[in-house]
Amino acid sequence: PTGFWPDDGYDGPSTPKNMLYSSNATMQSRGDGRYFYSALARRYAIIFTIDGTTVNIAETLIDDPVNFKPQDNGMMPSVHTGGAPHIIRPVANASHIYMLHCRKAADGTVAEKFQDLRGGNEVEVFDWDGNFVRRYELDRLGYNIYVNQGDKDLYLYTENPESGAYEWIRYRMEN
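To start, this report covers the structure provided alongside it. Remember, it's a predicted structure, so these values are computed and weren't measured experimentally.

What counts, and at which threshold
Residues numbered from 1 in each chain as written. Predicted model: local features only at pLDDT ≥ 70, side-chain atom pairs only at ≥ 80, totals over all residues. Heavy atoms only, no water. Pairing = 2+ DSSP bridges. Helix = DSSP H or I, 4+ residues; strand = E, 2+ residues; numbered from the N terminus. Axes fitted to C-alpha atoms, helices over the stretch in contact; angles between N-to-C directions. Contact = heavy atoms within 4.5 Å. Buried < 20%, exposed > 50% of the residue type's maximum accessible area, 1.4 Å probe, protein only. Arc of directions from axis to C-beta. Phe/Tyr/Trp six-rings, centres within 6.5 Å; stacked < 30°, edge-to-face > 60°.

1. Comments concerning the sheet that holds strand 13 (residues 166–172)
Part 1 of the reasoning: A sheet is described by the order of its strands in space; here three strands give the open sequence 11-12-13, paired in antiparallel fashion. Taken across any chain shown, the strands that pair with only one partner, and hence form the sheet edges, are strand 11 (144–147) and strand 13. Averaged over all adjacent pairs, the angle separating strand axes in this sheet is 25°, with direction ignored.
Part 2 of the reasoning: For strand 12 (residues 153–159) and strand 13, the ladder comprises seven bridges, and the chain directions are antiparallel. Its bridge partner being in strand 13, Tyr155 is matched across the sheet by Arg170.

2. Quick notes on the environment of Pro13
Part 1 of the reasoning: Looking at the secondary structure, you find Pro13 in the segment before helix 1 (14–22).
Part 2 of the reasoning: The spacing of Pro13 and Ile62 is 49 residues in sequence and 25 Å in space, taken between C-alpha atoms.
Part 3 of the reasoning: Setting aside chain neighbours within four positions, we find Pro13 in contact with Pro70 and Gly74.

3. Quick word on helix 1
Part 1 of the reasoning: Taken residue by residue, helix 1 has Pro16, Lys17, Leu20 and Tyr21 as its buried positions. Down the axis of helix 1, the sector holding all buried residues measures 120°, keeping them to one side.
Part 2 of the reasoning: Remark: Asn24 follows helix 1 within two positions and exhibits a positive phi of approximately 60°.

4. Quick notes on the environment of Asn56
Part 1 of the reasoning: With respect to the element layout, Asn56 can be found in strand 4 (residues 54–63).
Part 2 of the reasoning: In this structure, the C-alpha to C-alpha distance between Asn56 and Gly9, residues 47 residues apart in sequence, is 20 Å.
Part 3 of the reasoning: Those residues within four positions of Asn56 in sequence are excluded, and the remaining contacts are Ile47, Phe48, Thr49 and Asp51.

5. Structural notes on the packing of aromatic side chains
Part 1 of the reasoning: This model, assessed by the stated rule, comprises ten aromatic pairs.
Part 2 of the reasoning: Ring geometry for Tyr21 and Tyr44: centres 6.1 Å apart, planes at 90°, overall edge-to-face. In this pair, Tyr21 is assigned in helix 1 and Tyr44 in strand 3 (residues 44–51), connecting sequence segments 23 residues apart. Accessibility assignment for this pair places Tyr21 and Tyr44 in one class, buried.

6. Topic: the side chain of Asn160
Part 1 of the reasoning: By the secondary structure assignment, Asn160 is in the loop between strand 12 and strand 13.
Part 2 of the reasoning: For Asn160, the residues in contact, after removing those within four places along its chain, are Arg140, Ala165 and Glu167.

7. What to know about the pairing of strand 4
Part 1 of the reasoning: Two strands pair when backbone bridges link them, and strand 3 and strand 4 are joined in this way by eight bridges, in the antiparallel orientation. Residue Ile47 lies in a different strand from strand 4, and its bridge partner there is Glu59.
Part 2 of the reasoning: Linking strand 3 back to strand 4 in an antiparallel pair, the connection comprises two residues, with Gly52 at a positive phi of about 70°.

Encoded structure:
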């Protein structure tokens, strides 16, 4: 065990915290001992290394805490954001980390409630040192992204506005 657990001020049963940091979380490796981890619901994203049993956070890309508490049964977390909903859907390759910010309603405006959240069109790009590289604003709302290893193409998983079918849209990226 590494002994790492995000310090968010929560003092309660471990199950709600585990659910918040594990459900819809992602961890990816660059292949050189650096790792990228993000938690969807908390909007928490870090780059870290592991030295023996110690987690060393190299960079914190997003640390946007939410208030949470266990539900009455002590299990799942009850999350209170206190603002507009905002989740991240990241993907990483050997050279960059890409984060799709999902905070839009179906009409493209900022969603006011989680029930209205339909996706995002803003993608931030970071290098593996945590430096901001660029921001893309896509012409469609989507739910997930994928980027090929050569950083040439970004794919957005979206709904076709005419047919209602789900599809991947390819965007050619700048170098």
